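# Tertiary structure, described
Residue strings, one per chain:
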Amino acid sequence: MPVPLLDLKAQYATIRDDVVAAMMKVVDAQTFILGDAVVTLERDIAALSHAKHAIGCANGTDALLLAMRALDIGRGDEVITTPFTFFATAGTVHNLGATPVFVDIEPDTYNIRPDAAAAARTSKTRAVIPVDLFGQMAAVERIALALPGLPVIEDAAQSIGARRSIDGEARMAGEVPTIGTFSFFPSKNLGGYGDGGMIVTQDDRIAERLRRLRVHGGSRQYYHDEVGYNSRLDALQAAVLSAKLPHLAAWSAGRRRNAAHYDAAFADLAATGVVTTPYVAPENESIFNQYTLRIASGKRDALQAHLKAHGIGTAIYYPLPLHLQPCFAYLGYKKGQCPESERAAQEVLSLPIYPELTRQQLDEVVAGVTSFFH
Ligand SMILES: *Cc1c(COP(=O)(O)O)cnc(C)c1O
């Protein structure tokens, strides 16, 4: 039986009636733009994230774009971020006329190095964007400490509901920094049936600005204080997401259970150093948006081909770090400038981890990996 990297139909089968009823409620009310469904989800995501405000928007990319606009970031400004992330993190910086400044990652968590971020700060630096890669929060408090006074935008697209213990208190993804951003792309832990995004903040003025920016910069209809965007969260998506939200904690726990199963099954391979299983920092609780092995000695691509031949879906997140992307050649980065990101790009392989995986499917993935090395 094939094991896909992700099986959205398996999840849908468990919640179909609730989701369809929620969507039909919006259709029957014929209120498709903002309205109750969006307000309800904003309230519930704010509560989940321990945030004072949550503002829905069209997708996770726009969440980053709007966040930077709310901080007045634009031409001539520099924004420090990681090159080992999905493209949107840096593409939005470029699209605002600002300059992405790439600094390397910690090899164990794949998240940005606070000391490297601090070293890259100049008089033009206007923000830092740590990414919570694969579901594990970046060291947001250490980043804030290393870059005093600088706004922090936490790209939490892969980490909704993740926790980190800071000074003995459990903090949620998006809670601590100036602004946190989420994506509801279907493959995220809380995925819609289309695009969607959300921004959280504790700051009243930033929240008010974001609510304006998502509707063409007007606080009253047809009067525009500034030029904004059309970037609203679709009411149908909000209804789907509200129907799914009560399951999120159990789904993320299911992913952690699957991760523990793999960790145990791969312990022998890990002990001999042929694979490295994911490292979760002791202060973190990951939501495992991905379960990502590291395979040294140049065998990653062969393992991926072997698993494919056995019907097992995998993915490489991400094969080319952003500082080496052709579109950023104008920034002048050279190979070797972010060595840990470059090494990770050669070695990572993400396995199926979704919570609906059956025991038999888990065993097939384990057998696929172990048979390659024996
Ligand atoms: C998915 C993702 C985004 C973009 O979200 P979209 O909703 O697809 O626009 C941004 N950053 C990271 C790290 C992501 O994984």
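Residues numbered from 1 in each chain as written. Predicted model: local features only at pLDDT ≥ 70, side-chain atom pairs only at ≥ 80, totals over all residues. Heavy atoms only, no water.

## Let's talk about the site of the ligand
What counts, and what does not: Here a residue is near a molecule or strand as soon as one of its heavy atoms is found within 4 Å of it. Pairs of N or O atoms within 3.5 Å make up the polar contacts considered here, provided that, within protein, one atom can donate a hydrogen while the other can accept it, and that residues adjacent in sequence are counted only when both atoms are side-chain atoms. In these tables, accessible area is a Shrake-Rupley quantity obtained with a 1.4 Å probe, and a residue counts as shielded only by the protein chains included in the view. Each helix corresponds to a stretch of at least 4 residues labelled H or I by DSSP, and each strand to a stretch of at least 2 residues labelled E; elements are numbered beginning at the N terminus. Three classes are used, and their members are as follows: Ala, Val, Leu, Ile, Met, Phe, Trp, Tyr, Cys and Pro are nonpolar, Asp, Glu, Lys and Arg are charged, and the others, Gly among them, are polar.
By nearness alone, 15 residues border the ligand, and G60, T61, D155, S183 and K188 come closest of all. Within the contact set of the ligand, a nitrogen atom lies 2.8 Å away from a side-chain nitrogen or oxygen of D155. The separation between an oxygen atom of the ligand and a polar side-chain atom of K188 is 2.6 Å. Within the complex, the protein chains bury 94% of what would otherwise be the 380 Å² of accessible surface of the ligand. Looking at the shell around the ligand, the elements that each hand over two or more residues are α3 (60-70) and α4 (88-95). For the shell around the ligand, the per-class residue count stands at five nonpolar, eight polar and two charged.

## Quick notes on the packing of aromatic side chains
Stated formally: What counts as a ring pair is set by centres within 6.5 Å for rings of Phe, Tyr and Trp (its six-membered ring), and what kind of pair is set by the plane angle: stacked under 30 degrees, edge-to-face over 60, tilted for all other angles. Here the term buried applies to any residue with accessible area under 20% of the maximum for its type, exposed to any over 50%, and partly exposed to those in between, with areas from a 1.4 Å probe on protein chains only.
Per the counting criterion, the structure on display carries 13 aromatic pairs. With centroids separated by 5.7 Å and ring planes inclined at 20°, the aromatic side chains of F87 and F328 adopt a geometry described as stacked. Taken together, the residues span a long stretch of sequence, with F87 in the loop between β2 (78-81) and α4 and F328 in the loop between α11 (300-309) and α12 (339-347) at a distance of 241 residues. Here F87 falls in the partly exposed class, since its relative accessible area comes to 36%. On the accessibility criterion, F328 (1% relative accessible area) is buried. Ring geometry for F102 and F328: centres 5.7 Å apart, planes at 55°, overall tilted.

## Brief notes about the side chain of D155
Heads up, the condition is: Counting rule applied: Lys, Arg positive; Asp, Glu negative; His and chain ends not counted. Just to be clear on terms, a salt bridge is a Lys or Arg side-chain nitrogen sitting within 4 Å of an Asp or Glu carboxyl oxygen. Pairs of residues are marked as contacts when any of their non-hydrogen atoms sit within 4.5 Å.
As for its position among the elements, D155 is in strand β5 (residues 153-155). Buried within the structure, D155 lacks any salt-bridge partner; K188 is the closest side chain of opposite charge, at an N-O distance of 7.0 Å. In contact with D155, other than residues within four places in its own chain, are L64, T89, I129, P130, V131, D132 and T181.

## Looking at the sheet that holds β5
So the rule is basically this: Strands were regarded as paired on the criterion that DSSP finds at least two bridges between them. Between N-to-C directions, angles cover 0 to 180 degrees, with each direction set by a line fitted to C-alpha atoms, over the stretch in contact for helices.
The four strands lie next to each other as β1-β9-β8-β5, forming an open sheet whose pairing is mixed. Of all the strands in the sheet, just β1 (53-57) and β5 have a single pairing partner and so form its edges. In this sheet, adjacent strand axes meet at a mean angle of 20° when their direction is disregarded. Sheet topology places β1 next to strand β9 (residues 197-201); five bridges connect them, and they run antiparallel. Paired with I55 across the two strands is I199, which belongs to β9. Across the sheet, helix α2 (residues 36-48) touches β1, β8 (179-183) and β9, and the angle it forms with β1 is around 130°.

## Regarding the layout of surface pockets
The test is simple: Using a grid of 1 Å spacing that covers the protein atoms alone, one calls a set of points a cavity when a 1.4 Å probe fits there but cannot get out, and a pocket when the set is open and has protein on both sides within 12 Å along at least five of seven lines; lining residues are those with an atom within 4 Å of a point. Grid points are joined across faces, edges and corners, and a volume is the space filled by probe spheres set on the points. An automatic or database domain assignment supplies the start and end points of every domain.
When its volume is computed, the largest pocket comes out at roughly 380 Å³. Along the walls of the largest pocket sit 22 residues, with F86, Q158, S183, F185 and K188 positioned nearest its centre. Of all the elements in the fold, those that place two or more residues in the lining of the largest pocket are α3 and α4. At three residues, the largest contribution of residues to the lining of the largest pocket is made by α3. Class assignment for the residues of the lining of the largest pocket results in nine nonpolar, 10 polar and three charged. In this structure, the lining of the largest pocket is formed jointly by two domains, domain 1 (8-247) and domain 2 (248-373), each of which donates at least three residues. Looking at the lining of the second largest pocket, the elements that each hand over two or more residues are α1 (8-29), α2 and α8 (235-244).

## Structural notes on the pattern of salt bridges
Throughout the structure, instances matching the rule amount to 23 salt bridges. Residue R212 pairs with E226 through a salt bridge whose shortest N-O separation is 3.3 Å. With R212 in helix α7 (residues 204-213) and E226 in the loop between α7 and α8, this residue pair connects regions lying 14 residues apart in the sequence. The exposure classification of R212 matches that of E226, with both residues buried. Members of the salt-bridge network, linked through shared partners, are R69, D72, R209, R212, D225 and E226.

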